[in-house]
Amino acid sequence: MFNRAISAGVRALLVAGLLALPSFMLPNVSSDTSQLVALLALVGGVLTFLEYFSTMPSFVEFRSAAPFNRIRFLTMFCMVYALTQITREFQMPTAMSGSFYYVGSSIGEAMDFPFSPVRLALLAVPEGAPLPLFEVVKATAGMAYVISLASIAFFIVFIRIMRWPLRNGAFNVWINLPLFDPTTGGDVLYRLKRDSNLNFALGFLLPFLIPAIFEATAQVLEPMPLSDPQTLVWMMTAWAFLPASLIMRGVALMRVAELIEEKRRRAYAQSDVLQAA
């Protein structure tokens, strides 16, 4: 229990630190914003601690199938840190922030072609906005999207090379997929592949759909102030991280389905041998 508490505490501190990272790095943060961020970081840390300290799963998937959640956390951390450095360049420029802005701007320019995710992300910028806002949105969108693609590629390669999730022992569906009930809804294999394909489709479409939804809602509701650095960081992070997370989940579910299918083939082959004997 002591080791589990230490592990849960470290995860809670990491999550809380991630949520508070932009507030710590960006200058001129108001006291009200700092208090709100501190509250959100506290809530995120407490929820993370309770989830990993408990022996009963609640809603976090692949909790015991490392490093799935670690890769997702590292992906979000890289996005938040890189995007915060880019926005920092327009408030308190440093050599580090200038390097991140140069890389992000170069990626954004390279990916700014018709119907690209970066071009569509620029739809979130209101008409009449100053040119620096367009530039920072383009740089953050390009950086975030490349990080998401790199994380997906790394996870796919890791699965094939390290034989995930078998390297950590037997895969427990109840612990790692707490929201998936294998006893209802027909064949488990069919449902896993269906959910995997659905996650693939959503992950591919979301970078294109989110800007369109944002533009449509902005005509009815008051648009979110992208000129606020923290709002920009978290919006661009969500825009790139959610699709990447869905695609990685789809890859993981398809891998689980492959393991179940392989186990069934072995069981059927063994049954045929026994009947022949």
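Bear in mind that the values here come from a model prediction, so they are computed numbers and not experimental data. (Residues numbered from 1 in each chain as written. Predicted model: local features only at pLDDT ≥ 70, side-chain atom pairs only at ≥ 80, totals over all residues. Heavy atoms only, no water.)

Asks: Which residues make up the packing of helix α1 (residues 2–25) against helix α3 (residues 68–88), and what values do they have?
Replies: α3 packs onto α1 with a crossing angle of 15 degrees between their chain directions and a minimal axis gap of 9 Å. Taken together, the axes of α1 and α3 lie roughly parallel to each other. Here α1 and α3 pass one another in a crossing that is left-handed. Along its contact with α1, which presents Arg11, Leu14, Val15, Leu18, Leu21, Pro22 and Met25, the element α3 presents Arg70, Phe73, Met76, Phe77, Val80, Tyr81, Thr84, Gln85 and Arg88. (Axes fitted to C-alpha atoms, helices over the stretch in contact; angles between N-to-C directions. Helix = DSSP H or I, 4+ residues; strand = E, 2+ residues; numbered from the N terminus. Parallel < 35°, antiparallel > 145°, perpendicular 65-115°, else oblique. Left-handed = near helix turned anticlockwise from the far one by under 90°. Contact = heavy atoms within 4.5 Å.)

Asks: Let's hear about the packing of α1 against helix α2 (residues 31–53): which residues, and what values?
Replies: Closest axis-to-axis distance for the α1/α2 pair is 8 Å, and the angle between their directions is 155 degrees. On the basis of their axis angle, the class for α1 and α2 is roughly antiparallel. In this structure, the crossing between α1 and α2 has a hand that is right-handed. Note on element contacts: α2 touches α1 through Ser34, Val37, Leu40, Ala41, Gly44, Gly45, Thr48, Phe49, Tyr52 and Phe53, opposite Arg4, Ala5, Ala8, Gly9, Arg11, Ala12, Val15, Ala16, Leu19, Ala20 and Ser23. Taken together, the residues that form the contact of α1 with α2 break down as 13 nonpolar, 6 polar and 2 charged. (Nonpolar A, V, L, I, M, F, W, Y, C, P; charged D, E, K, R; others polar.)

Asks: Pulling in residues and values, what's your account of the confidence of the model for the protein chain?
Replies: Confidence along the protein chain averages 87 in pLDDT terms, with 94% of residues attaining 70 or more. α3 holds the highest mean pLDDT among the elements of the protein chain, 95, whereas helix α7 (residues 173–176) holds the lowest, 82. (pLDDT = per-residue confidence, 0-100.)

Asks: Explain the nonpolar core to me, using residue names and the numbers behind them.
Replies: Among the nonpolar cores identified, the biggest contains 35 residues, and Leu83, Leu133, Val137, Leu226 and Trp239 are the most heavily contacted of them. Contributing elements (two or more residues each) for this core: α1, α3, α4 (95–110), α5 (117–121), α6 (131–162) and α9 (229–276). Grouped together as the second largest cluster of nonpolar side chains are 23 residues, Phe62, Phe171, Phe180 and Leu192 included. (Core = buried A, V, L, I, M, F, W, Y, C linked by side-chain atoms within 4.5 Å. Buried < 20%, exposed > 50% of the residue type's maximum accessible area, 1.4 Å probe, protein only.)

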